[in-house]
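Descriptive analysis of the structure
Here is what each chain is made of, one letter per residue.
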Amino acid sequence: MRRIAIINQKGGVGKTTTTANLGAALAIQGRRVVLVDMDAQANLSCSLGVEAKSGSPTSYTVLTSGTKVGKALRDTTVPRLRILPANLDLSGAELELAAAMGREFILRDALREWVELERARHGRAPADYVLFDCPPSLGLLSINALAAAGEVIVTMQTEFLALQGMSKLVEVVQLLKKRLNPELVITGIVPCLYDSRLRLAREVLAEIRTYFKGQVFPHPVRANVKLAEAPSFGQTVFEYAPDSKGADDYMRLAREVIAREERDEDLRGLPAFDESARLAPKVVPAPRKPPPRPPSRKPAVDQTVAPAAQPASAAVSAPAIKPTLAPPSSAPPARSASATVAPAHAAPARKAVVPLAPLRTEPAPTRTEPAPTRTELSPTRTEPAPKVRAPEPAKPVAPKPLSAPTPPRSAPPTQRSAPPAPHKDTQSARESPKTRSTHHSLRGQVEVLRADEVPPLPPDAFEILSILPSDP
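Owing to the predicted nature of the structure, the values given are computational and were not obtained by experimental measurement. (Residues numbered from 1 in each chain as written. Predicted model: local features only at pLDDT ≥ 70, side-chain atom pairs only at ≥ 80, totals over all residues. Heavy atoms only, no water.)

Structural notes on helix α1 (residues 15-28)
For α1, with 14 residues, the first-to-last C-alpha span of 20 Å sits near the 20 Å given by 1.5 Å per residue. α1 sits mainly inside the fold: 13 of its 14 residues count as buried. Directly beyond the C-terminal end of α1, a positive phi value near 95 degrees is found at glycine 30. (Helix = DSSP H or I, 4+ residues; strand = E, 2+ residues; numbered from the N terminus. Expected span 1.5 Å × (residues − 1). Buried < 20%, exposed > 50% of the residue type's maximum accessible area, 1.4 Å probe, protein only.)

And the structure:
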C-alpha cells in the first residue's frame, strides 16, 4: 500500500485539486484509493460532495478520540474511491494534542492498526493508495501526515514566490526523514496552474527542472476553468468535464504514478495503465416535455363588427376629409352620419382628433379697403405742442442801504451788537411765521429775530459786522 502526502506550505497551489483528481484517476484505473482530509477548511470533503457534521466520525475524532479509521471512511460517487472527511473541529486539534505523548505519530498508529485488522480479515491491505491532503502550513497536522506517509508529492505554482519556498520545504522534508520517518522520500514535483503563454511560467518551470533534475513530472497541470468549476458541483473533473484539459493532465499524472508501482510488493500484480479507461458518464433522464395545451375555447372576435368598436377617429374615411373646391354660392355638404352618430358601445371619441364637420371650401373674401399707409400702421401724435413762454427777465432792483436794526428796549444791551444770522433762502425764512415776527421801523421794513431764536454766531461774525455801515 502506497501512502503519499501531497504538501506545500503555501496555499492556493493546487494541493486539494491534485488530491481529489489524482485519486479519482487512480480509481478509474482500477486502484482502491482512500483520501485523508487533514485540512480544517474541509475543502477536499466539499469537493467530493461529502459533508461531515460536527461530532460525526472524521479525521478529528481519529486524532483526538481514538476513532477507528475503518468506521470513519465514507464512499464517494466515484467507484473504488473513499474519503476520511474533516470539518471545522479539526482546527482545534493542534491545541488539544499539544501535551499528548507521541503526538506526531497518532495518525500513523491509527493507519497501522486499520491495515493490520484488514489483513487479518481478508489477507490483503484495505487499499492500494492512501493520499493525504495536508494543510497550507508545517504544523502538527502536516507532521502527522508526513510521519504516516512513505512518499511526498509537492505541488507548486509556476511563479517566483512559489519557487522561492521550494528550498525551505525540501529542508523540512529531509529533517523529518532523519528524525521521524526514515522511509520518507520525495516522489516528484507537480507544476500546477501552468500557462504556457506566460514567459514567467516557462522560465520558472525551466528553473525547477534544472535544480530538481529527475524529480519534476514531465506533464504540468495546465490552468483550466473546469478544474475550478467541478468542486462547486461536488464532483471530480472526470465527472464534470471528462474531455477537458484538466482531466487529460491528471490522467497523465496518474500514469506516471502507476509507472512506479514496482517499488511496492502489494501493487506488482495490478494491471498496467489503460489509456482507454474512462469514467462512465452518469445517465441523466431527459426531462419530460409538457403536454400540448388544448386549443383555446374563447370565441373568435368577429372582424366585421370592428368598425363599431373603433374610435371616432377611424370612422371618418379618407375621401370625407379630402378638401374639394366648390363655388362660393354652393351650400356646404351635410355631415356624415358615421361621424355624428356613434353606437352605444363605441369608445368615446377624442375631442381634438376628429373634426365633426368637413373642411370649409369657401374662398376667403378679398379685402377692398386700401392698404394702410405707414403712418396708419404706426400712428403718431399730430396735435401741436403747447407753446412755452420764455420767462421775462427780472427787472433790476436797486439795493437798499443796509442799516443796523434798532433793538427793542427790552432786549439786553449785549444783543444790540449781535446781527441776525445769514440765511441762504430769505423766501423760505419768511414763510415760517411761527418762529419769526416782522417789525416795522421808521426807516423801512426790517426783519428782526427774537433774542432766544438767534442761532449761535459763526466764527466770521465780527468780519460781517465790520462791513456793515455805521449808524448815523
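Picking up after the structure, the text goes on.
Things to note about the sheet that holds strand β6 (residues 151-157)
Hydrogen bonds along the backbone pair up the strands of a sheet, which may run parallel or antiparallel. The strand order across the open sheet built from seven strands is β3-β4-β2-β5-β1-β6-β7, with neighbouring strands paired in mixed fashion. Only two strands of the sheet have a single neighbouring strand rather than two, namely β3 (74-75) and β7 (185-192). Pairing of β3 with strand β4 (residues 81-84), which is carried by two bridges, proceeds in the antiparallel orientation. Counted as the bridge partner of arginine 74 is isoleucine 83 from β4. (Pairing = 2+ DSSP bridges.)

So, the confidence of the model for the protein
Of the residues in the protein, 59% reach a pLDDT of 70 or more, and the chain-wide mean stands at 75. Segment residues 375-379 is flagged for pLDDT under 50; beyond a separation of four residues in sequence, or across chains, it makes one contact in the model. Scored below 50 in pLDDT, residues 423-429 makes five contacts in the model with residues more than four places away or belonging to other chains. (pLDDT = per-residue confidence, 0-100. Contact = heavy atoms within 4.5 Å.)

Notes on unusual backbone geometry
The phi torsion at alanine 42 lies on the positive side, around 55 degrees, for a residue other than glycine. Positionally, alanine 42 belongs in the loop between β2 (33-37) and α2 (43-47). A relative accessible area of 12% places alanine 42 in the buried class. Not every positive phi belongs to a glycine, and arginine 80 is a case in point at roughly 65 degrees. By the element assignment, arginine 80 lies in the loop between β3 and β4.

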